[in-house]
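A look at the structure
Residues per chain are reported as follows:
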Amino acid sequence: MQPIIGITGRPYDIEAVQLEIKLHGVTDTYTSSVRRAGGLPLMVIPLNDNEIDDVLDRLDGVMFTGGGDISPDTYGVEAEETIRGVRKERDLFEFALARKAYERKIPVLAICRGLQVVNVALGGTLVQDLPSHTDVHNHDIVGEGVYEAHLDLVVEEGCRLAGIIGSGTQNINSIHHQAVDQLGEGLFVVARAADGTIEAIEHEDSSWPLLAVQWHPEFLSVADHGPSNELFAAFVESAAKYRADA
């Protein structure tokens, strides 16, 4: 049986029946990347804490997706004017989901905002806006550029990520205006862009198969980018092993 991958849904407000209705969605870039790697995608929406375990009982891996900014009050600071797209309900649910995923050692692939969720869930903080706080201005690419690798980073030797896509210089895309500031408990950096921006983190507990990347491999995978395909394949393979060992 294919491993079941829970993918966090992004909330939207839409007009329907002449009302504003909340919708949860997952873009095809995420689901198709999982399916090509051999996984079965299943969207997960915000749940009560006592329901998370019931859902995790049925999943073999969890993918934390991109989206709006995390509410700064969740990591103890005031919001700046650059903050956008905050959904506090999603924040709190995904924090709880990340912590429970760690407790269970369930495989996780955390992408962009997802990496930031894992970091904040474990006590870390974020740079609210890279251009405002640093000299970094080339990470928030939009349009057709999202499907192209346009930014160099360096992957550290000996880490989980290096074992999948290789160490040294890799070329990826970049679609974010925030980044990790202080690392959460147990987390360490395994890749940085040339400007020093943290682009991937892992956990010191090697029994937890965590892959957390700041870039968007789902766009690159759609464009048949080799390292991104390998990242999804490794994640789904890890989920299959989790299922087999359960």
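Before going into details, it helps to say that this report is about the structure given with it. A quick note: this is a predicted structure, and the numbers were derived from the prediction, not measured.

Conventions and cut-offs
- Residues numbered from 1 in each chain as written.
- Predicted model: local features only at pLDDT ≥ 70, side-chain atom pairs only at ≥ 80, totals over all residues.
- Heavy atoms only, no water.
- Salt bridge = Lys/Arg side-chain N within 4 Å of Asp/Glu carboxyl O.
- Helix = DSSP H or I, 4+ residues; strand = E, 2+ residues; numbered from the N terminus.
- Phe/Tyr/Trp six-rings, centres within 6.5 Å; stacked < 30°, edge-to-face > 60°.
- Buried < 20%, exposed > 50% of the residue type's maximum accessible area, 1.4 Å probe, protein only.
- Lys NZ or Arg CZ within 6 Å of the ring centre and 35° of its normal.

1. Brief notes about the pattern of salt bridges
A complete count under the given rule lists 12 salt bridges for this structure. For Asp 13, the salt bridge is made with Arg 87, and the minimal N-O distance between the two is 3.0 Å. On the criterion of sequence distance, the pair formed by Asp 13 in strand β2 (residues 10-16) and Arg 87 in the loop between β5 (61-64) and α3 (88-104) is long-range, its members being 74 residues apart. Taking the shortest distance from any N to any O, the salt bridge between Arg 243 and Asp 60 comes out at 2.9 Å.

2. Quick word on the packing of aromatic side chains
On inspection of all chains with the given rule, the structure shows 2 aromatic pairs. With 5.0 Å between their ring centres and 50 degrees between their planes, Tyr 102 and Trp 208 make a pair best called tilted. Taken together, the positions of Tyr 102 in helix α3 and Trp 208 in the loop between β12 (198-203) and β13 (210-213) put the pair 106 residues apart, joining distant regions of the chain. Residue Tyr 102 is classed as partly exposed on the basis of its relative accessible area of 23%. Residues Tyr 147 and Phe 219 carry aromatic rings whose centres are separated by 5.3 Å and whose planes lie at 90 degrees to one another, so their mutual orientation is edge-to-face. One end of the pair, Tyr 147, is in the loop between α5 (130-133) and β8 (151-155); the other, Phe 219, is in helix α7 (residues 217-222), and 72 residues separate them in sequence. Using a relative accessible area of 33% as the deciding quantity, one classes Tyr 147 as partly exposed. Sitting over the ring of Tyr 102, Lys 105 keeps its end group 4.4 Å from the ring centre.

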